[in-house]
Structure formats: structure tokens, C-alpha cells
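Chain and residue survey
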Amino acid sequence: MASSAAGCVVIVGSGVIGRSWAMLFAGGGFQVKLYDIEQQQIRNALENIRKEMKLLEQAGALKGSLSAEEQLSLISGCPNIQEAVEGAMHIQECVPEDLELKKKIFAQLDSIVDDRVILSSSTSCLMPSKLFAGLVHVKQCIVAHPVNPPYYIPLVELVPHPETAPTTVDRTHALMKKIGQCPMRVQKEVAGFVLNRLQYAVISEAWRLVEEGIVSPSDLDLVMTEGLGMRYAFIGPLETMHLNAEGMLSYCDRYSEGMKHVLKTFGPIPEFSRATAEKVNQDMCVKVPDDPEHLAARRQWRDECLMRLAKLKSQVQPQ
Ligand code: NAI
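Residues numbered from 1 in each chain as written. Predicted model: local features only at pLDDT ≥ 70, side-chain atom pairs only at ≥ 80, totals over all residues. Heavy atoms only, no water.

Our next topic: the confidence of the model for the chain. On average, residues of the chain score 96 in pLDDT, and 97% of them reach the 70 mark or higher. Confidence metrics for the complex model read pTM 0.94 and ipTM 0.99. (pLDDT = per-residue confidence, 0-100.)

A word on the site of the ligand. Every one of the 23 residues lining the ligand counts as a neighbour, but Ile17, Asp36, Gln41, Glu97 and Lys102 are closest to it. The contact in question runs from a nitrogen atom of the ligand to an N or O atom on the backbone of Ile37, over 3.3 Å. Starting from 840 Å² of accessible surface for the ligand in isolation, the protein chains cover 78%. Mapped onto the shell around the ligand, the elements with two or more residues apiece are α1 (16-27), α5 (99-112) and β6 (141-146). When residues in the shell around the ligand are grouped by element, the largest group, three residues, is from α5. When the residues that make up the shell around the ligand are grouped by side-chain class, the tally is ten nonpolar, nine polar and four charged. (Near = heavy atom within 4 Å. Polar contact = N/O pair within 3.5 Å; in protein donor to acceptor, adjacent residues only side chain to side chain. Areas by Shrake-Rupley, 256 points an atom, 1.4 Å probe, with all protein chains shown as cover. Helix = DSSP H or I, 4+ residues; strand = E, 2+ residues; numbered from the N terminus. Nonpolar A, V, L, I, M, F, W, Y, C, P; charged D, E, K, R; others polar.)

We now examine the environment of Ala206. Locating Ala206 in the fold gives a position in helix α8 (residues 195-211). Look at Ala206 and you get buried, because its relative accessible area is 16%. (Buried < 20%, exposed > 50% of the residue type's maximum accessible area, 1.4 Å probe, protein only.)

The next subject is the UniProt feature "site: Important for catalytic activity" (unreviewed entry) in the chain. Following the UniProt record, the feature "site: Important for catalytic activity" (unreviewed entry) maps to His145 here. Under the relative-accessibility criterion, His145 is labelled buried at 5%. Apart from residues no more than four positions distant in its own chain, His145 is found in contact with Ser121, Ser122, Thr123, Ser124, Leu155, Val156, Glu157, Phe193 and Asn196. (UniProt positions renumbered as here; feature names shortened; annotations may be inferred. Contact = heavy atoms within 4.5 Å.)

Regular strands show a simple pattern: their side chains alternate between the two faces of the sheet. The buried fraction of strand β2 (residues 31-35) is high, at five of five residues. What you see with β2 is no split at all: Gln31, Lys33 and Tyr35 on one side and Val32 and Leu34 on the other are buried throughout. Two strands pair when backbone bridges link them, and strand β1 (residues 8-12) and β2 are joined in this way by five bridges, in the parallel orientation. Counted as the bridge partner of Cys8 is Gln31 from β2. In this fold, β1 hands off to α1, which returns the chain to β2; that crossover is right-handed. (Pairing = 2+ DSSP bridges. Right-handed = clockwise from strand over helix to strand, strands pointing away.)

On to unusual backbone geometry. In this structure, the amide linkage connecting Asn148 to the following residue, Pro149, adopts the cis form with an omega of -5°. Even without a glycine there, the phi angle at Phe272 is positive, about 50°. For Phe272, a relative accessible area of 41% translates into the label partly exposed.

This next bit is on the nonpolar core. Among the nonpolar cores identified, the biggest contains 34 residues, and Ile11, Trp21, Phe25, Ile49, Met53, Leu56 and Met176 are the most heavily contacted of them. With six residues, the top contributor of residues to this core is α1. Residues contacting Phe25, with those up to four places away along its chain left out, are Val9, Ile11, Phe30, Val32, His90, Gln92, Leu175, Met176 and Ile179. Val95, Ile105, Leu109 and Val143 belong to the second-largest nonpolar core, a separate cluster that totals 26 residues. (Core = buried A, V, L, I, M, F, W, Y, C linked by side-chain atoms within 4.5 Å.)

Here is the structure:
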């Protein structure tokens, strides 16, 4: 394995997210050590990463300035966590979403790391105050939450513990930028962080509209793919307001009463009943039958679309 001037990153947990992080860090020129409790998972991950990187290289979509072979030479498996973390500058935890399991891993890491390394969790919804409570190295702890699939969707939510040092946030922010991701700072922890709060607000209203028979499930999805989603890949909801009038203040003057009128008609949190889930599923299965082959093919198509969108965004947006 090649050594790297950029430094060494350890991935704890070599599943879906761990593999993506490994590819991103190698793309940024970092040496990557993959650790997992299951040896077979490490072998599978290395094989899967090799295949993915070769395909990306052929498609001209490999990240970073190194070739696939050069990036692959930076990644290795390591069956021993103590050996893996030696000399590491960043540890990215990617084990299943289970608070007790993650706390056990961080307690173990806490007892073997130095005062420099960043301890980062990929958790989608566990609160930093719960994950990192009582750790000696709590100042070095942070959540860096990626979005699936991380190789194609660059956003990373950085969520500090109340005792996380500002330098930990700054270093993680800089590291994410270095590997081509787009970090954003969540100033204070909140359930669901920011991305999932927005996502759940959309899902919640979508569910109510379908449940109340106002729109079919497939037409509901069209509203996003052919409507809102067209601009949201380029401008967010707040900038949309700014541009849809003569600036934000003018938008609020013109439309806030109308928005409040509509918002007051929103219903309660949906129960996600079996009956509605079956109705939605029936519609979804017309487009994508819910067997593994069709789902995998559709995910692959989604990733190809995201890859092309990323190319378009890099052409139209100044870096
Ligand atoms: P996964 O189930 O694909 O992979 C988890 C890996 O952790 C497995 O390889 C497993 O063998 C390993 N593991 C289990 N116990 C371990 C231990 N004690 N020590 C070391 N390795 C251990 O899970 P996935 O989807 O990669 O999720 C990982 C984390 O990323 C979760 O916290 C999840 O919430 C978060 N996340 C997941 C996203 C997704 O869409 N899959 C998106 C963003 C974040």
C-alpha cells in the first residue's frame, strides 16, 4: 500500500457508507484504513470499491486527480482497530444506527486515541450529546452526516457536541472541502439535524395530500421531479423566495399572509398507516417493481443521473 502525504483516515464499519467515505478520502489523496468487526465485510468492501472506481474512471467521473489504481493503492483493510488508528488524523465511524453500539465504539476509541485525531460519526439521527457523553476526548468529537449516495451527493452536515472544540469543527470542515464534499455547520444539535427535518416536512405533507385523495402518489412525485426539484438543485428555498420577488423583504411583504393562510390548513403528523402505505406502494411499483433487481437497476439509474447533474453543476457554478 502507498503512503500518503495528506495523512491517514480510518473508517470503522465497511458497509454502504463506510465504502463511500473510503472512496472519497482516497480521491482526496488520503491513506485509508478500513476496519470492520466482520473480516468478510472488509474483503467485500475492497472488492466493491475496486469495481466502482474502475467504472467511475471509465465514465470520466472518478473524483480527485489520482488514477483509479493510485487511489486503490491508498486503501487497505485492517482487522485490528488499535493498529488501524495509530497515526490517524481522522476516524469516521460508520457502524449501524444503534446508540449503544456506537457508544461502545467511541468509548473504545476514546481509550486508544491521542489528543489530535478527530472522532467523527456518520449517524443520521443520533444526537452528539448522547453519542459522545462522558468521553475524555469529547472536544475532538463531531457528527459528519453524509447523504446517500455520498459519492454523488456532496452535502455533509457537521453537528458538534456542546463541548466540541471550534477547531474540531474547522478541521472537519476543511477536510470535507479537501475531498470535494460540501460541508455545512449545524450550529446546535436538533433531532433530525437539518436535512432530515426538511425531508420529513416534505414527506409529511406529501403523505397527507395522498391520504386525503388530493393527488395520486405518482403525480405527487412529479411535483418534485418536474417542479420544485428542478430549481432546488441550484437554488434553495430561501434564495427562491429572494428571486421570486424583488428580494426577500419584498417576497415577505407580498406573500407571507398567503403562505400563513395555506400553512394553517396543514394537518397533523401522519400515522403512516398500512392502508396508505399499500396505496402508495401500488403506484410506486408500476414504475419500479419492488423486487431486488428492479430496485437495484433504478438506484443505478439514479446514481448516473446524479453523476451527470454533478458535472452540470460544476460547469455552471464557479468553484
Ligand atoms: P451498513 O449496515 O451497510 O454497514 C455497517 C457496517 O458496520 C457493517 O459492515 C458491519 O459489519 C459493521 N459493524 C457492525 N458492528 C461493528 C463493530 N462493532 N465494529 C466495526 N464494524 C461494525 O450501514 P450503513 O448504511 O453504511 O450505515 C452506517 C451509518 O451511516 C449509520 O449510522 C447510518 O445511519 C449512517 N448513514 C447511512 C445512510 C444510508 O443511506 N445508508 C446515509 C447517511 C448516514
